[in-house]
Structures are given as structure tokens and as C-alpha cells.
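Structural features, examined
This is what each chain is made of:
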Amino acid sequence: MEKSNLQILTNGIIKENPVLVLVLGTCPTLAVTTMAKNAIGMGLAATFVLLGSNIVISLLKKVIPDKVRIPCYIVVIAGFVTLLSALLQAYVPDVYSALGIFLPLIVVNCIILGRAEMFASKNSVFKSALDGIGMGIGFTFALLIIGSIREILGSGTWFGLPITVNLFSPISIFVLAPGGFLVFGCVIALLNKLSNGKAVKRKSFGCESCPNAAGCANAGKGGCE
Amino acid sequence: MELFRNLMYILVTSVLVENVVLAKFLGCCPFLGVSKKLDSAVGMSSAVIFVMLMATAVTWPIYTYLLAPNGLEYLQTIVFILVIAALVQMVEFILKKYMKSLYKALGVYLPLITTNCAVLGCTLLNLENHYNFLESLVNALGSGLGFMLAMVLFAGVRSKMESVEFPKSFQGIPITLVAASIVSMSFMGFASVADGIFR
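These figures come from a predicted structure and were not determined experimentally.

Things to note about the overall build of chain A
Broken down by element type, chain A carries 8 helices and 2 strands. Listing the helices and strands of chain A from first to last along the sequence gives α-α-α-α-α-α-α-β-β-α. Evaluated residue by residue, chain A yields a buried proportion of 52% over its 225 residues. Summarising the internal contacts of chain A: among those between residues at least 6 apart in sequence, 71% fall at separations of at least 24.

As for the overall build of chain B
Scanning chain B from N- to C-terminus turns up 10 helices and 0 strands. Computed over its C-alpha atoms, the radius of gyration of chain B comes to 18 Å, within 12% of the 16 Å expected for a compact globule of 199 residues. In chain B, which comprises 199 residues, the proportion classed as buried is 52%. Residue pairs at least 24 apart in sequence account for 79% of intrachain contacts in chain B once pairs closer than 6 positions are excluded. When the accessible surface of chain B is summed, it comes to about 9,000 Å², and 67% of that surface belongs to carbon and sulfur atoms. When the 12 positive and 10 negative side-chain charges of chain B are each reduced to one mean point, those points stand 13 Å apart.

Focus: the layout of surface pockets
All names here are of chain A. What the second largest pocket holds in volume is close to 490 Å³. For the lining of the second largest pocket, the element with the highest residue contribution is helix H4 (residues 69-91), accounting for 5 residues. The class makeup of the residues in the lining of the second largest pocket is 10 nonpolar, 7 polar and 2 charged.

Section: the confidence of the model for chain A
All names here are of chain A. For chain A, the average pLDDT comes to 83, and 86% of its residues sit at 70 or higher. Taking the mean pLDDT of every element in chain A, the minimum, 83, falls on helix H1 (residues 5-15) and the maximum, 93, on helix H3 (residues 36-59). Every residue in residues 219-225 scores below 50 in pLDDT, and together they form 14 contacts with partners more than four places removed in sequence or on other chains.

A word on the packing of helix H6 (residues 110-120) of chain A against helix H7 (residues 125-155) of chain A
All names here are of chain A. Running from amino to carboxyl end, H6 crosses H7 at an angle of 150 degrees, the nearest separation of the two axes being 11 Å. Classified by the interaxial angle, the pair formed by H6 and H7 is roughly antiparallel. H6 and H7 meet at a crossing whose hand is right-handed. Contacts from Ile-111, Arg-115, Phe-119 and Ala-120 in H6 reach Lys-127, Ser-128, Asp-131, Met-135 and Phe-139 in H7.

Regarding the pattern of salt bridges
Residue and element names in this part refer to chain A. Scanning all chains against the criterion turns up 4 salt bridges over all chains. For the salt bridge of Asp-94 with Lys-37, the shortest nitrogen-to-oxygen distance reads 3.2 Å. Taken as a pair, Asp-94 in helix H5 (residues 93-99) and Lys-37 in helix H3 lie far apart in primary sequence, 57 residues in all. Taking relative accessible area as the criterion, Asp-94 reaches 44% and is therefore assigned partly exposed.

What to know about a nonpolar patch on the surface
A surface patch of nonpolar side chains, amounting to about 620 Å² of accessible area, comprises Met-90, Phe-93, Ile-94, Tyr-98, Met-99 and Leu-102 of chain B. With respect to the helices, strands and loops of the structure, Ile-94 of chain B is situated in helix H4 (residues 76-98).

Quick look at the interface of chain B and chain A
In this assembly, 45 residues from chain B lie in contact with 42 residues from chain A. Interface area, chain B with chain A, both sides summed: about 3,900 Å², of which 80% is carbon and sulfur. It is Phe-25, Thr-115 and Ile-173 of chain B in chain B that bury the most area against chain A; as a group they hold 19% of the surface buried on that side. The tally of links from chain B across to chain A stands at 2 residue pairs in polar contact (both at pLDDT 80 or more). Taken together, the elements giving at least two residues each to the side of chain B that touches chain A come down to helix H2 (28-33), H4, helix H6 (110-113), helix H7 (117-128) and helix H9 (173-187) of chain B.

Remarks on the nonpolar core
Core analysis: the biggest nonpolar cluster contains 115 residues, and Phe-102, Leu-105, Ile-106 and Phe-184 of chain A together with Phe-31 and Met-44 of chain B have the highest contact counts within it. For Phe-184 of chain A, the contacting residues outside a window of four places in its chain are Val-19, Leu-20, Val-23, Thr-26, Thr-29, Leu-30 and Ile-146 of chain A together with Leu-177 of chain B.

Describing helix H8 (residues 133-161) of chain B
With 29 residues, H8 of chain B extends 42 Å from end C-alpha to end C-alpha; this agrees with the ideal 42 Å at 1.5 Å per step. Between the side-chain oxygen at the start of H8 of chain B and the backbone nitrogen of Leu-134 of chain B there is a gap of 3.2 Å, and the oxygen is on Asn-132 of chain B.

A few points about the packing of helix H8 (residues 177-194) of chain A against H9 of chain B
At their nearest, the axes of H8 of chain A and H9 of chain B sit 8 Å apart, and the two run at 165 degrees to each other. One way to sum up the angle between H8 of chain A and H9 of chain B is to call them roughly antiparallel. You can see that H8 of chain A and H9 of chain B cross each other, and the crossing is left-handed. Counting all contacts with H8 of chain A, which are made through Ala-177, Pro-178, Phe-181, Leu-182, Phe-184, Gly-185, Ile-188, Ala-189 and Asn-192 of chain A, the residues of H9 of chain B involved are Ile-173, Pro-174, Leu-177, Val-178, Ala-180, Ser-181, Ser-184 and Met-185 of chain B. When the residues that make up the contact of H8 of chain A with H9 of chain B are grouped by side-chain class, the tally is 13 nonpolar, 4 polar and no charged.

Things to note about unusual backbone geometry
Notably, Phe-159 of chain A is not glycine yet its phi reads approximately 55 degrees, a positive angle. Relative to the assigned elements, Phe-159 of chain A resides in the loop between strand E1 (157-158) and strand E2 (161-162). With a relative accessible area of 38%, Phe-159 of chain A lands in the partly exposed category. The phi torsion at Phe-25 of chain B lies on the positive side, around 60 degrees, for a residue other than glycine. By the element assignment, Phe-25 of chain B lies in the loop between helix H1 (2-17) and H2.

Looking at the confidence of the model for chain B
Residue and element names in this part refer to chain B. Summarising the model, chain B shows a mean pLDDT of 87, and 100% of its residues fall at 70 or more. Mean pLDDT across the secondary structure elements of chain B bottoms out at H6, with 75, and peaks at H8, with 93. Overall fold confidence for the complex sits at a pTM of 0.87, while the interface term, ipTM, reaches 0.87.

About the cut-offs
Residues numbered from 1 in each chain as written. Chains lettered and ligands numbered in written order. Predicted model: local features only at pLDDT ≥ 70, side-chain atom pairs only at ≥ 80, totals over all residues. Heavy atoms only, no water. Helix = DSSP H or I, 4+ residues; strand = E, 2+ residues; numbered from the N terminus. Buried < 20%, exposed > 50% of the residue type's maximum accessible area, 1.4 Å probe, protein only. Contact = heavy atoms within 4.5 Å. Rg over C-alpha atoms; globule rule 2.2 N^0.38 Å. Areas by Shrake-Rupley, 256 points an atom, 1.4 Å probe, with all protein chains shown as cover. Lys, Arg positive; Asp, Glu negative; His and termini not counted. Charge placed at Lys NZ, Arg CZ, Asp CG, Glu CD. 1 Å grid on protein atoms, 1.4 Å probe; cavity = no way out; pocket = protein on both sides within 12 Å on 5 of 7 lines; lining within 4 Å. Points joined across faces, edges and corners; volume = space filled by probe spheres on them. Nonpolar A, V, L, I, M, F, W, Y, C, P; charged D, E, K, R; others polar. pLDDT = per-residue confidence, 0-100. Axes fitted to C-alpha atoms, helices over the stretch in contact; angles between N-to-C directions. Parallel < 35°, antiparallel > 145°, perpendicular 65-115°, else oblique. Left-handed = near helix turned anticlockwise from the far one by under 90°. Salt bridge = Lys/Arg side-chain N within 4 Å of Asp/Glu carboxyl O. Patch = residues over 30% accessible without salt bridge, like charges linked within 9 Å, V, L, I, M, F, W, Y side chains within 5 Å. Buried area = accessible area lost by both parts, 1.4 Å probe. Polar contact = N/O pair within 3.5 Å; in protein donor to acceptor, adjacent residues only side chain to side chain. Core = buried A, V, L, I, M, F, W, Y, C linked by side-chain atoms within 4.5 Å. Expected span 1.5 Å × (residues − 1).

Dropping the structure here:
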């Protein structure tokens, strides 16, 4: 069944949310969500790259030979990441330094490579652009939720504004590494609970949505385990 | 002696204190995905150590002698990822042809490593920290060993988890993440260990 344009756009935000439903891109999700502001910055940065790479890859889908498509996608994505880091460094240097190493690491973000492989290489330019925007908004939204929980519990602030001063003293473990894993796990468990186990599509970490599955001999045969 | 002390400091920091997965969140996907069984965890992390060392040995000279003198630093992301992709492909060919037994052990994991952010992250962090060539190699080795340590420990935790019942909504991914959180918490105990010993 052909999806309408609106369905493509909302698909990434709710039904196939890349972080909360497909559980992709765990590294940036955990690393930059110590503050809501950084979460938004990372989300928008990834949205920009997703939009750009989806458009270019969908334009080039007839030109790129099938055998070397993954390196080609990586070059396109890396190009946009380089462009983006130059722009951020020039206009919003504090976001640039807050994202640090995770800005160049957008190149290996499996959401972006996954969308190139699964959507942009098969669909028209307009639809790929919509898909990129939808997935980007979904990613930003998920990061914002996790970032807000961690910032409120861990630093007692939200977007830098103090809000829990009189309620409780901040529990700093939430802005440290263990808190990232914990909050992410609990958010997914909560989604499972609210939807009776229907929302979260990936039941375990495996090959299903690994961008390398195409080049991997073990894909589908019980994965890399 | 000073040199040795400095290198040991970098090694201990990257293995225990600033563990690549549990503190820096690099390489979470393979950490969570391939840690179900001990032997696959060991295979994957040996491949990561191997590629990390090779990638550092290649990208550091490229950056220092080719990109930096010509004012091309902004190209580092593109160049590094292409170098790593080519390197992984080449290693796969060589192992397949000349080292059959090693290929059997690591071959499955090699294609997965191109997009492992721990490898790209490690090469970028080496430059960000202004490490020299030797320090970069030690840091790459330490990061790889840290990755292996985290994977092996976590594989043990997960094999224990298999015989335990969880609330239904926590089954699968959520409980894996919560377990990772506890393992990560235990690594926080190493904070400032390296400073205490070597500084």
C-alpha cells in the first residue's frame, strides 16, 4: 500500500520513532542527553544531516552502483556532517563545543545510514525529504524527553532554569553515565507498559535494523551472536 | 621512566576510568547487541582492538603530515571514515587469504566495525587530546581493551539474567539497558584511580 505524504512524515515521529520504537542510534542518545538544550542541538543537527543526505541519496539512487552503495552513502553523509560542523562552529559555538566528538560521529549514526538504505534509496526525492524531516523530528523528540528527565532529576534545572530548588536536591548520578542507561531503559519500559508491549518494535538488540546487515554474511541467521 | 609513567597513565585511564563504552558511550550498539554470548563478545572485541590499533596507526600520520600542514583539518571526518572503511575491507581480504583461522574467529565481526563509532571516536579523540603517535597507539590499545573488558563483563551479567524473571514491560531491551547502567555504575568506582597511582 502506498503511503500518503502525511503518513511518511508522521511515521518517523510516532509509529517508527528511531530511538524509542526502533532503538537505533543509542550512542548519541545516551551521550548528549545530559541537558535538554544539548538534546535539542543534537536532534536538530541530525535532522539537518538526515534531510540533506536523504535528498542527495535519493537523487543519486540510479547512479550509485549497488555494490559500493554503503561507502557512497557514508561519503554523502560525511559531507553534510562536515558542512554542518563548519556552520555550527561559526554561528553557535557553544552548541558546537557541547556536542564535541558526537558531532563528527553523526557520520556513523545508524539512523541516518539506515534511512538511506531503507528509504531514500528506494523512494522519490520529495518523499525522502519528508521521511528525513519526520525521522529527525522523532529523534529530536525522543532526545528531548530523555534529556529533560535527566536534567530535571540530575541537575534540578530544565533548559538551564532552576525548577526543583525547594523539592529535592539534584541526584547527580542521572547526568553521569549510569543515569543515561537507566533513564533510557525506563522510558522504553514505560512505553511498553502504556501500549501493552505493542509500541516498541525491537524486542532485543540484533541485526534487524543494522545498516551493515546488507554486507554481513550472518544477517538473518541469528545475527552476530 | 617519565615516558613509561605517562603511557601507563593513558592506558589505565582509557581501560578503567574513561571506559570507552561505559563512560564515553562510544560503541553502544555492539556492546548491547553482541554481548549475549561470551565467545561472540570476545570475538567482536578482539576485532575492535585490532582495527582500532590499525586505524590509529594510519589516521594519525595522515592527519599530522598530510591534513594539518595543508590546512585541511576540516576534512578529517570524511578522510578518517573512508580510511577506516578501506582498512577494514583490506584486513578482511588479507585475513581471508593468509590467516584462515583468524578470519574464522574475527571475519564475521569485521564488516560491522566500519560503522562502530568507538573506532572513529577513538581516532578523533587522539587528535583532540593532542596525543603524540606513541600515546595515540597506547590510547587505542587501552580503549580496545576497555571495550573488551566491558563486553566480557556484560556478557557474564547477561548470562545470569537469562534465568531471572522480569516484569513484562522490562523484558528485552529495557532490562538490558538497566543492567548496563549498573555495570557502568560499578566502573565509576575507578574514578581518579589513575591519578592516584601515576600522578
